[in-house]
Amino acid sequence: MSTENTKIVLGKNQYGKAEVRVVKITRDTDRHEIEDLSVTSQLRGDFDAAHFDGDNGHVVPTDTQKNTVYGFAREGVGSPEQFLLRLANHFTSEFGWVTGGRWEAEQYAWERISAPGQGKAEGHDHSFVRKGQEVRNAVVVKDGDAVQVISGLNDLTVLKSTQSGFVGYPKDRFTTLAETTERILATDVSARWRYSPEAVANGSVDFNKSYDDVKALLLEGFTEGYSYALQQTLFQMAQKVLDAHAEIEEIRFSTPNKHHFLVDLTPFGLDNPNEVFYAADRPYGLIEANFQRESISADNDAWDGITGFC
Ligand SMILES: O=c1[nH]c(=O)c2[nH]c(=O)[nH]c2[nH]1
């Protein structure tokens, strides 16, 4: 039996940080701009020593690659193509043994929430909705003559880039969260609303029109005013819907609080006046609340079988 190790050469290899979620808010004026990307950076070059000898002298840490993404975002993204070209040029010029690499980005499109009620027909200054996201749903439950209709939507992704804070909560020895009066508030709204059986029975509900209107009111409720907590914003959204739609008896929400953490750019000699954020995907806050007219009972069994709400 031979004691010689089999001779192995290193084939193709590359390494880096995948799916760096970066949100850049440009806030030079009151009319904010948002750029939202997931960036992957991978370097190619001479990394033989890292694999064969455990010598990391050439290994630009994946953590540094991530930080570079955040640092570069401070200057703005422009187009994803331009942003990736900047990264490619940077790594290959900064580190002689990095001969190339692969950089990839996904960009998520947002549009301004139209807010005609606030005199902003051209769209809100700092409230956005992710394009083409939500899925509409409906449930009908018939029991003898009684017919119930519950309509809803999932994944209506919205974001306020200012006018949100979270203060005044109890503190104990496990509390590390700093109070803030300026944060990003973002969520994927899941909502379901139940129509009054009478309105359903007399045929007075135009479900398409009602859906469009409820969605618009949810968005309007989200944009309006200052948010003290997602809980309070949900109440505001419910109030709008129940004020405007007598045919709706109750509405339920399940909403992740999608945390956006300000990236500390000071180690790179950069300031960060609330512009560059790390969009964490988990864990997330999960805020759920049901609102109903005072006059109706809270447990209608039309909800049986609808999961994902409390
Ligand atoms: O809007 C919020 N509601 C909370 O209940 C909560 N908890 C937390 O840590 N951050 C937030 N934000």
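Residues numbered from 1 in each chain as written. Predicted model: local features only at pLDDT ≥ 70, side-chain atom pairs only at ≥ 80, totals over all residues. Heavy atoms only, no water.

Looking up the protein chain in an unreviewed UniProt entry gives the name Uricase, with the organism given as Sinomonas atrocyanea. Word for word, the UniProt comment on the protein chain under Pathway (unreviewed entry) is "Purine metabolism; urate degradation; (S)-allantoin from urate: step 1/3." Taken from UniProt, the Function (unreviewed entry) comment for the protein chain reads in full: "Catalyzes the oxidation of uric acid to 5-hydroxyisourate, which is further processed to form (S)-allantoin." (UniProt positions renumbered as here; feature names shortened; annotations may be inferred.)

Student: Kindly report on the pattern of salt bridges, identifying the contributing residues and their values.
Tutor: Side chains that carry opposite charge are capable of pairing whenever their charged atoms lie near each other. Applying the stated criterion to the full structure yields 17 salt bridges. R27 is the salt-bridge partner of E182, the closest N and O atoms lying 3.2 Å from each other. Of the two residues, E182 sits in the loop between β7 (146–160) and β8 (185–195) while R27 sits in the loop between β1 (15–26) and β2 (33–45), which places them 155 residues apart along the sequence. When its relative accessible area of 26% is taken as the criterion, E182 is described as partly exposed. Classification of R27 by relative accessible area gives buried; the value is 18%. Across the pair E220 and K240 runs a salt bridge whose closest N-O atoms are separated by 3.4 Å. Pair noted here: E220 is in helix α5 (residues 207–223) and K240 is in helix α6 (residues 230–244), with a separation of 20 residues, a long-range link. One network of salt bridges, in which partners are shared, links K24, R74, D271 and E275. (Salt bridge = Lys/Arg side-chain N within 4 Å of Asp/Glu carboxyl O. Helix = DSSP H or I, 4+ residues; strand = E, 2+ residues; numbered from the N terminus. Buried < 20%, exposed > 50% of the residue type's maximum accessible area, 1.4 Å probe, protein only.)

Student: Give a description of the environment of E179 that names residues and reports values.
Tutor: Mapped onto the elements, E179 comes out in the loop between β7 and β8. On the basis of relative accessible area, E179 is assigned to the partly exposed category, the value being 40%. Placed 12 residues apart in sequence, E179 and V167 show a C-alpha to C-alpha distance of 4.9 Å. Reaching out from E179, the side chain makes a polar contact with the side chain of K171 at a distance of 2.7 Å. (Polar contact = N/O pair within 3.5 Å; in protein donor to acceptor, adjacent residues only side chain to side chain.)

Student: Hey, could you go over the UniProt feature "active site" (unreviewed entry) in the protein chain for me, with residue numbers and the actual values?
Tutor: Per the UniProt record, "active site" (unreviewed entry) is annotated on K17, T62 and H259. Their sequence span is 243 residues, while the largest C-alpha to C-alpha distance among them is 22.7 Å; these annotated residues do not converge on one region. Residue placement: K17 occurs in strand β1. In this structure, K17 is in contact with V39, T40, S41, T62, D63, Q65 and K66, ignoring residues within four places of it in sequence. Structurally, the position occupied by H259 is in the loop between β9 (248–257) and β10 (260–262). Every residue in contact with H259, bar those within four places of it in the chain, is listed here: Y278, A279, A280, P283, Y284 and G285. (Contact = heavy atoms within 4.5 Å.)

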